[in-house]
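Observations on the three-dimensional arrangement
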Amino acid sequence: MIALLIRDLKLAMRAGGGFGLGLAFFLIVTVLVPFGVGPESQILARIAPGILWVGALLACLLSLDRVFQLDHEDGTLDLLATAPLPMEGAVAIKALAHWLVTGLPLTLSAPIFATLLNLQSPGHLWVFVTLLIGTPALSMIGAFGAALTVGLKRGGLLLSLLVLPLYIPTLIFGAEAATRGAAGLENATPLALMAGITAGAIALLPFAASAAIRVNLR
Amino acid sequence: MIALLIRDLKLAMRAGGGFGLGLAFFLIVTVLVPFGVGPESQILARIAPGILWVGALLACLLSLDRVFQLDHEDGTLDLLATAPLPMEGAVAIKALAHWLVTGLPLTLSAPIFATLLNLQSPGHLWVFVTLLIGTPALSMIGAFGAALTVGLKRGGLLLSLLVLPLYIPTLIFGAEAATRGAAGLENATPLALMAGITAGAIALLPFAASAAIRVNLR
Amino acid sequence: MTETHRTKQAEDRWNWLWEWANPVKFMSLSGKILPWVMGLCALTLLPGLIWGFFFTPEAVNFGSSVKIIYVHVPTAMLAINIWVMMLVASLIWLVRRHHVSALAAKAAALIGLTMTVAALFTGAIWGEPMWGTYWAWDPRLTSFLILFLFYLGYMALWGAIDDPDTAADLTSVLCLVGSVFALLSRYAVNFWNQGLHQGASLSLDKQENVSDVYWQPLVLAIVGFSLLFVTLLLLRTRTEVRRRRTHALETRERMADA
Amino acid sequence: MDLVVENLTVTRGGVPVLEGVGFTVTPGQVVMLRGPNGSGKTTLLRTLAGLQPALEGRVSVEPEAIAYGAHADGLKATLSVAENLKFWASVYGTNDIAPATKAFNLDGLLERAAQNLSAGQKRRLGLARLLVTGRPIWLLDEPTVSLDVASVGLFADAVRAHVADGGSALIATHIDMGIDADEVDIGPFRADPRAARVQTAFDEAFV
Amino acid sequence: MDLVVENLTVTRGGVPVLEGVGFTVTPGQVVMLRGPNGSGKTTLLRTLAGLQPALEGRVSVEPEAIAYGAHADGLKATLSVAENLKFWASVYGTNDIAPATKAFNLDGLLERAAQNLSAGQKRRLGLARLLVTGRPIWLLDEPTVSLDVASVGLFADAVRAHVADGGSALIATHIDMGIDADEVDIGPFRADPRAARVQTAFDEAFV
Ligand code: HEM
Ligand SMILES: Nc1ncnc2c1ncn2[C@@H]1O[C@H](COP(=O)(O)OP(=O)(O)OP(=O)(O)O)[C@@H](O)[C@H]1O
Ligand SMILES: Nc1ncnc2c1ncn2[C@@H]1O[C@H](COP(=O)(O)OP(=O)(O)OP(=O)(O)O)[C@@H](O)[C@H]1O
Ligand SMILES: [Mg+2]
Ligand SMILES: [Mg+2]
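One structure accompanies this document, and this report is about it. Computed from a predicted model, the values in this text were never measured in an experiment.

In terms of helices and strands, chain D carries five helices and eight strands. Counting helices and strands in the order they occur from the N terminus, chain D gives β-β-β-α-β-β-α-α-α-β-α-β-β. Looking at chain D as a whole, 58% of its 207 residues are labelled buried. For chain D, the computed accessible surface area is about 8000 Å², with 50% contributed by carbon and sulfur atoms.

Residues and elements named next belong to chain D. Taken together, the five strands give an open sheet; going across it, the order is β5-β6-β7-β3-β8, and neighbouring strands pair in parallel fashion. Of all the strands in the sheet, the pair left with one neighbour each is β5 (66-69) and β8 (182-185). Strand-to-strand, the axes of this sheet are offset by a mean angle of 20°, without reference to chain direction. Two strands pair when backbone bridges link them, and strand β3 (residues 30-34) and β8 are joined in this way by four bridges, in the parallel orientation. In the strand pairing of β8, Leu 33 is matched with Val 184. Across the sheet, helix α1 (residues 41-48) touches β3, β5, β6 (137-141) and β7 (168-172), and the angle it forms with β6 is around 150°.

All right, on to the relation of the copies chain A and chain B then. Expressed as a screw operation, the relation of chain A to chain B combines 0.2 Å of axial shift with a rotation of 179°, fitting to an RMSD of 0.1 Å. These values place the two chain copies in the arrangement generated by a two-fold rotation axis. Scanning chain A for the C-alpha nearest the rotation axis identifies Ile 43 of chain A, at a separation of 3.8 Å.

Counting residues at the interface gives 37 residues for chain A, matched by 38 residues for chain B. With both chains or domains summed, chain A and chain B bury close to 3500 Å², and 79% of this area falls on carbon and sulfur atoms. Linking chain A with chain B are two salt bridges. A salt bridge links Glu 40 of chain A to Arg 46 of chain B, with the shortest nitrogen-to-oxygen separation between them at 2.9 Å. Across the contact surface, chain A and chain B share four residue pairs in polar contact (both at pLDDT 80 or more).

Note that Pro 34 of chain B resides in helix α2 (residues 21-37). Taking relative accessible area as the criterion, Pro 34 of chain B reaches 0% and is therefore assigned buried. Distance in space between the C-alpha atoms of Pro 34 of chain B and Ala 48 of chain B is 9.9 Å, their sequence separation being 14 residues. Not counting the four nearest positions on each side in its chain, Pro 34 of chain B is found in contact with Pro 39, Leu 44 and Leu 117 of chain B together with Trp 137 and Trp 192 of chain C.

Another point: the pattern of salt bridges. Enumeration over the complete set of coordinates arrives at 33 salt bridges over all chains. Among the salt bridges present, the one from Lys 76 of chain E reaches Asp 74 of chain B, with a minimum N-O distance of 2.9 Å. Of this pair, Lys 76 of chain E sits in the loop between β5 (66-69) and α2 (81-91) while Asp 74 of chain B sits in the loop between α4 (66-73) and α5 (76-81), each in a different chain. Using a relative accessible area of 7% as the deciding quantity, one classes Lys 76 of chain E as buried. Here Arg 180 of chain B ties to Glu 176 of chain B by a salt bridge, and the two come within 3.2 Å at their closest N and O atoms. Highlighted residues: Arg 180 of chain B and Glu 176 of chain B, both in helix α8 (residues 156-182), separated by four residues, approximately one helical turn.

What counts, and where the lines are drawn
- Residues numbered from 1 in each chain as written.
- Chains lettered and ligands numbered in written order.
- Predicted model: local features only at pLDDT ≥ 70, side-chain atom pairs only at ≥ 80, totals over all residues.
- Heavy atoms only, no water.
- Helix = DSSP H or I, 4+ residues; strand = E, 2+ residues; numbered from the N terminus.
- Buried < 20%, exposed > 50% of the residue type's maximum accessible area, 1.4 Å probe, protein only.
- Areas by Shrake-Rupley, 256 points an atom, 1.4 Å probe, with all protein chains shown as cover.
- Pairing = 2+ DSSP bridges.
- Axes fitted to C-alpha atoms, helices over the stretch in contact; angles between N-to-C directions.
- Contact = heavy atoms within 4.5 Å.
- Least-squares fit on C-alpha atoms with pLDDT ≥ 70 in both.
- Buried area = accessible area lost by both parts, 1.4 Å probe.
- Salt bridge = Lys/Arg side-chain N within 4 Å of Asp/Glu carboxyl O.
- Polar contact = N/O pair within 3.5 Å; in protein donor to acceptor, adjacent residues only side chain to side chain.

What follows is the structure, given as structure tokens:
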């Protein structure tokens, strides 16, 4: 299992592996919004946590089709399915690798992007904390969606369509917790609910995802 | 030429052709933003034109890799390059097909999505008008980016990175014109500038794009 | 050691029931009952709607716009219940592998989507006189929008996969997982915004919310719409069964040629 | 461990491709699977490897005893030869890749990225993976595609050493690779896709 | 129209693959291009078709006289046979597809979507495209891959009819397809990729 994780991380780091592209996309979304909305710093600060969450979510989403697609194309997925490795474990590991390569960098850089959107000091912290708790759920749910569409040509946009509704609860709780935190309000409830979603997704979705992969390999 | 256009449209309509997926993505972005930002209708109405423009831009962007990639993979591009059809014309036609399949539906549906974001009556019209003038530029610029990345595996995110900076002027003028129009202000200047960008892109970029394709076919 | 038998369905004491999931039996039975269901549907839906639209008084401060309720409430209720029906059908497919069950879920999705859109549109039209806006991010409305997205994704997945059994398996898994997340969304949305929308007024203890004059035709319309759903479901499932059969024949033909 | 296949029906896209397949592969035996293009060899091997369900029939071993080598090699272009092989070795819990690289003459290439290998070298790397699985039954789908004569010889040696060790191999191929082997022709098992199957059981109108 | 190739150097990935290639194809002539895998046949044909520039040398005809048939057929899976063919016919301004479908025995399949064709049928459709181009010089890259014997016969007939009409064909292939043809072996033209070229001119250190 650990070998799979190390391999996935190595692949991401090597040329063309996609490390940093999610981050770049996040940056671009954060940059585009002020161009679209206009430069008034008050409005920007007000919508910043929400926009950062939406941006992180889209960046996550766009890197999802790499999770299984490349392994499917070159036959690795067939060989993994016949290897002495529970498919559920492989799915969980791949979701973890996706998070380390996409979710974690996003989370770490979010405070900087928050500054771009004129978000003031406690807001930084809350965006960071909520993303830290929420992005693992995004990766896991996304891995499930990627497992559903692994056999399809150009599954990209379909994948987005399938996964986005599943992201909504996480987004609502995450953005709500961040916004409330930034405004100095109490936000323990949405934080707890979001943590619950993350825990539930990590505990259950690997099973659904591995079932989907086995179906797709047939 | 007309045969190429008809073929591209037919392909888009058939199963898995991707017609409507851009639209679905646009819908989803528009839906996500309120979840992130919160349900207050005043704020939503204020940022609506900008968000709609950013959403349309992202939806356009994500459907770009289909413009040449599929034709490259199955060898059609090679055969088109040796056919009695100027490559510049083929590029323009493919950009037109992309616009008909993505930009036009986006534009037509934008007033409905504007309602979702609580944008009031004159704003509808302006979002529609600005998208109508601006989306052809998005398709043409995007086709140029797609031509640059046509030979690359998983060019998707790289394509985004290349194209997004090119989109920024269109976005700024388009969103500005829409926002001003929604607020009842004068917006002839940004409209004219955006129309200029569209005209220029359509006149010049087919040449750059077809040069890029010829290089990529070597 | 792995052993497989051609008849995958287990034999048990419920077999008399499962037998009807045999496509051949299903086709003959559904063909027979379809005209009756259609007739009943016409007998309830038309009177219900006519009664509701033309023979109820105008509400005191809402004017005639209140009559939208006869379309709005039935479609809204069906939109949710059809998803539940799809969930049950998907489970039956996953556990018992009855093709008709998966095809019924597929057939129901488009009807559910239509109902959702109808509820959204009638609600929006209603919203303009009632709340002064076509759309507000009210939790009930919002969760319907999300339901719409779920239907859309479900149908897109069916459309994207060539092999019908693979498609049935994957859409069933999606329906299962999606149901959990749809429920979560419902709570999330409630938490996120306290809304404008009416509570459930059909429940018995709150019956007085809507006076009897409105209530009786409404019940008739709800029954009518439900029968309309059954009619459409049977029609579409029959079409899907035939399509599936055609697909099987075509595949065989192709393989015989190859 | 004997691989006994009895009365197996395998399907592709829901339609039976082979019907009533039966044969046995005993330890120490190499069996060549023969049949023209599109006759169902790949489908059969995938079914035996546990990647797709059979419609009917019996297979005597669990997929856990089987190492499957497919048309595609599952190599990662940006990883080196050693990294590729070590990954599979640690997945199978056998951490020594030296015998495998030696058997397929890869020792000079260990640090080379897989994308810089020629087609034949890639194929050799794919075959070396079999040695690090440590599994007794090999199912191979056209293993010698794009190999030159010398490399086919290396492969034949590896198969001989494997069966001498008590392993066995079932190999789908169109060529003669000079191994002492039995043959199974799948021609007689081809299913008639048009055969009417409607009457039989529950859902069969669909398959 | 004669296709005269003189002293041509073709490159792949910037490295010369063939050097000093020279031969002539006259109307009425069929020439088979021979050479082992990876020797540069595809590269040469793509250069002649105008898809990539030559490093050096002369080709006597413009790409406008050439119909190129590649490894990939450029078929759209969701379009029918007739739609696929009509598209190419209207691109080349010849709107009658009937002779092409007749020559390759596709008349029974006109309404079938390309994705539902067998590999051999797909290939036949790809070859039928040549007939709707109406161009005199055919450059074909392994045209008979995955064709059965009967279909190879159809193809040979089509080539014979084409050259009888004053056309010509240059065909890269590994098999014998029973056409009366001359041969060009590209073995002697293979470039030595390590040959030092540094001394000569400005940029040559890079190619
Ligand atoms: C546009 C989106 C709307 C959606 C998705 C929606 C959804 C629903 C649903 C699901 C119900 C059934 C409730 C139940 O019986 O459990 C319902 C009932 C009802 N809706 Fe809406 N609604 C929308 C807009 C509106 C608007 C604008 C009004 C106007 C005030 C309205 C008024 C009512 C009333 C009076 C009922 C019947 C009372 C009841 O049975 O709960 N709805 N709606
Ligand atoms: N994706 C698919 N859907 C439906 N049928 C398929 C699919 N792929 C292959 N087939 C059909 O299944 C049959 C068996 O194919 P299979 O790949 O098992 O043949 P094979 O014996 O391995 O051939 P080869 O020697 O070319 O590898 C063929 O007739 C083929 O047309
Ligand atoms: N994308 C590439 N980049 C660099 N070199 C390549 C590339 N593709 C092929 N080559 C090399 O170019 C040489 C010539 O390849 P080419 O495809 O022309 O051979 P061919 O004679 O057509 O072979 P075949 O009979 O297999 O079709 C080969 O040695 C090959 O390794
Ligand atoms: Mg095979
Ligand atoms: Mg070649």
